[in-house]
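# Descriptive analysis of the structure
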Amino acid sequence: MQRLNQKLGYLSALPMFAVFIIALFAPLLVVMLFSIMPPKVFSLMNMPNFKAYSVFFTQGYYKSLIWSLGMAFISTIILLVISWPLAYAMAKIFKRFTLVLTLAVVMSLFVSENIRLFGWVLTMMKGGLIEGYFRSFTGFGFDSPLYGVGVIIFGLVYVYLPFMLFPLAQGIAMVPDDARQAAADLGANRWQVFFQIDLPLAAPGIVVGCLLSFVLAAGAVAESKILGGQAVITIADDIETAFTFGQDWPVGSALSMILIVIIGALALFGISRVDLDQIMGRRR
Amino acid sequence: MPASSTTKFILFVYGILVIFLLYLPLLSVGFASISKARYLTFPIKRYSSKWYFEAMNSGTVRDLLLTSFSVAIIVTVLSVIIAFFGALAFARYEWRYRSAFQKLILLPIFFPQTVLGLALLMWFNALGIIPSWKTAVVAHLVWIAPIATLIVAIRAYSFDPALEEAARDMGASTFTILREITLPLLMPGLISAGLFAFLLSWGNFPLSLFTTGADSTLPEWLYAKMVSGYSPLVPTLGITSVIASLVLILVFFTSAWLIKIIRERNVTSS
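Just so we're clear, the structure is a prediction, and the values are computed from it rather than from any experiment.

Conventions used here
- Residues numbered from 1 in each chain as written.
- Chains lettered and ligands numbered in written order.
- Predicted model: local features only at pLDDT ≥ 70, side-chain atom pairs only at ≥ 80, totals over all residues.
- Helix = DSSP H or I, 4+ residues; strand = E, 2+ residues; numbered from the N terminus.
- Buried ≥ 20, exposed ≤ 12 C-beta atoms within 10 Å, placed from the backbone.
- Contact = placed C-beta atoms within 7 Å.
- Core = buried A, V, L, I, M, F, W, Y, C linked by C-beta atoms within 7 Å.
- Axes fitted to C-alpha atoms, helices over the stretch in contact; angles between N-to-C directions.
- Parallel < 35°, antiparallel > 145°, perpendicular 65-115°, else oblique.
- Left-handed = near helix turned anticlockwise from the far one by under 90°.
- Nonpolar A, V, L, I, M, F, W, Y, C, P; charged D, E, K, R; others polar.
- Expected span 1.5 Å × (residues − 1).
- Bend = angle between axes of the 7 residues up to and from the residue.
- pLDDT = per-residue confidence, 0-100.

## Description of the overall build of chain A
The secondary structure content of chain A amounts to 14 helices and zero strands. Taken over the C-alpha atoms alone, chain A extends approximately 75 × 70 × 35 Å along its principal axes. Sorting the 284 residues of chain A into buried and exposed places 44% on the buried side. Within chain A, contacts between residues separated by at least 24 positions form 71% of all contacts whose residues are at least 6 apart in sequence.

Now the structure itself:
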């Protein structure tokens, strides 16, 4: 039985593994190889060097990386704070409304991200939904909040809300009510219950939620392009430009590698600390 | 500690507010799509459906819809097949590298999609493949198949392995077990995974951007127009894409509901 299980395990993982090799590992290898080619070449048949990486420092690309990571960090913190009460309510308080919320949030994910961001442009622009109606009722207009750092962070929070909300709700659902009750009976106040029971027991959900939102936000480009009017250039935007207008694959690859290494290290660190069987509700 | 009714009410209002904000931008797009003016300003003075007619009669739009649909449908079929086996390896069989496999599956979800698209573009180029909508299928697949696997895995966790073991004890072969026990038990998960796969592929933009070559999917076209200046067709096609997703979701829920009713009727009559 055990041996059969082993064999079936390998066999059934095979199709997915094939996809990964063809469409994830091989392309990554190509990026890795291109990143050590001299700048502006389109073939791998050149003498390798690390010039493309030095461009990261000499041409100020590190600034984009700092912006990306900084905005991702801030939006993750905001997301954690605004999602917590809702995730808590979804896990412990709401009954049927949890289903309604889940459906509503999941369905919003199916609408292309750029349509939703474009919708915010129409909502927030001068003469848009908010300002336009406000002016027609009161006679006063106001400046549009578009095209700045604040609105980019708003966009990140808006787009990545589901990626924080669902893991968080799942994590909070794993906190046993008995533990909270017992703590309260023993005289713990609200904050003590929160810091000593809720937070540590919901940690796997918090880790996954923060990780997902941070990583996705760090690689984001559409928010700064559509809402931010490129007030800030993100690192993913730089990568895109290096490949398209710049026609410089090695530099694009080197920038990609830097982003991939940062994100990969974070993701591996987080994922290795989490038991997926437990989060996804395995019995036994 | 049961929450007080005031807390409950506040949280409920908060939830409603979040849903409202999630859909507010779509409301704006919806209004914009039926505005008659070529250059949009709110409040909208005259409404008309002319942009929808214009979109319907346009050959470009037909091509866009067809490309998006072809990619999505192929991605759906392949993802469901991969996810069926993937979920068993993820959740059901006890094998040596199960926990490594579980972590591997999450990798593409964490990966920045734009970068993945570019990496695939270079890889196809190195292989000498000219990108078209078919290469976009590969790009979508590496991101969507893992998500589909996770969805099926949730279902696979909830079924009792004793059912399969019983069948094996009675002499059923592995193939028979898969067909007669595992497949029907996982079916609801597979159908949801298929729905997710289709919708995610239909709406995906960052992966398509660099991998479709000369072809263009609907989200790509929308993006190009958004960045290069306003076209009144952008809100119209945006809403068309949303409505297509909505219709699919409605069909899905109605048929699930009908199947449930028919099943219940059969149980009571027999």
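Still to come is the rest of the account.
## A word on the overall build of chain B
Scanning chain B from N- to C-terminus turns up eleven helices and zero strands. Of the regular secondary structure in chain B, the N- to C-terminal order runs α-α-α-α-α-α-α-α-α-α-α. Seen along its three principal axes, the alpha-carbon backbone of chain B occupies a region of about 70 × 60 × 45 Å. Here chain B holds 270 residues, and 44% of them are scored as buried.

## Structural notes on the nonpolar core
Within the largest apolar cluster, 160 residues are counted, with the highest numbers of intra-cluster contacts made by A:Val121, A:Tyr160, B:Ala87, B:Ala119, B:Leu141, B:Ala148 and B:Val152. Per element, the largest residue contribution to this core is 17 residues, and it comes from helix α7 (residues 149-173) of chain A. Residues within four places of A:Tyr160 in sequence aside, it is in contact with A:Ser75, A:Leu79, A:Ser213, A:Leu216 and A:Ala217.

## Here we look at the packing of helix α4 (residues 96-109) of chain A against helix α1 (residues 5-33) of chain B
Between α4(A) and α1(B), the shortest axis-to-axis distance is 10 Å and the interhelical angle comes to 20 degrees. Taken together, the axes of α4(A) and α1(B) are roughly parallel relative to one another. Crossing handedness for the pair α4(A) and α1(B): left-handed. The segment α4(A) lies against α1(B), with A:Phe97, A:Leu101, A:Ala104, A:Val105 and A:Ser108 engaging B:Phe12, B:Gly15, B:Ile19, B:Leu22 and B:Tyr23. In the contact of α4(A) with α1(B), the residues fall into eight nonpolar, two polar and no charged.

## Re the interface of chain B and chain A
Contact residues are listed per partner, giving 74 residues for chain B and 73 residues for chain A. Going through the elements one at a time, α1, α3 (59-92), α4 (98-110), α5 (113-127), α6 (133-157), α8 (174-203), α10 (218-228) and α11 (233-269) of chain B are the ones with two or more residues in the side of chain B that touches chain A. At 16 residues, α1(B) tops the list of elements feeding residues into the side of chain B that touches chain A. The residue makeup of the side of chain B that touches chain A, split by class, is 57 nonpolar, twelve polar and five charged.

## Let's talk about helix α3 (residues 61-93) of chain A
Helix length check: α3(A), at 33 residues, gives a terminal C-alpha distance of 47 Å against a target of 48 Å (1.5 Å per residue), a fit within 8%. By the largest-angle criterion, A:Ser83 marks the main kink of α3(A), which is about 40 degrees, and a proline, A:Pro85, follows within four residues.

## Section: the packing of α3(A) against α1(B)
In the contact formed by α3(A) and α1(B), the axes pass within 10 Å of each other and the chain directions differ by 115 degrees. The way α3(A) lies across α1(B) gives a crossing that is left-handed. When α3(A) is examined against α1(B), the residues A:Pro85, A:Leu86, A:Ala89 and A:Ile93 are found in contact with a partner set consisting of B:Lys8, B:Leu11, B:Tyr14, B:Gly15 and B:Val18. Of the residues contributing to the contact of α3(A) with α1(B), the split by class is seven nonpolar, one polar and one charged.

## Let's talk about the environment of A:Ser224
Mapped onto the elements, A:Ser224 comes out in helix α11 (residues 222-227). Expressed as a C-alpha distance, the spacing of A:Ser224 and A:Leu276, which sit 52 residues apart in the sequence, is 33 Å.

## Remarks on the environment of A:Met37
Residue and element names in this part refer to chain A. Relative to the helices and strands, Met37 is located in the loop between α1 (2-35) and α2 (51-58). A tally of 23 C-beta atoms within 10 Å means that Met37 is categorised as buried. With 17 residues separating them in the primary sequence, Met37 and Ser54 have C-alpha atoms 12 Å apart. Apart from residues lying up to four places away in sequence, Met37 is in contact with Leu44, Asn46, Pro48, Ala52 and Pro250.

## Some thoughts on the confidence of the model for chain B
All names here are of chain B. Per-residue confidence for chain B averages 84 on the pLDDT scale, and 93% of its residues sit at or above 70. Here helix α2 (residues 50-56) stands out as the least confident element of chain B, with mean pLDDT 71; α6 is the most confident, with 90. Across the whole predicted complex the pTM is 0.86, and at the interface the ipTM reaches 0.84.

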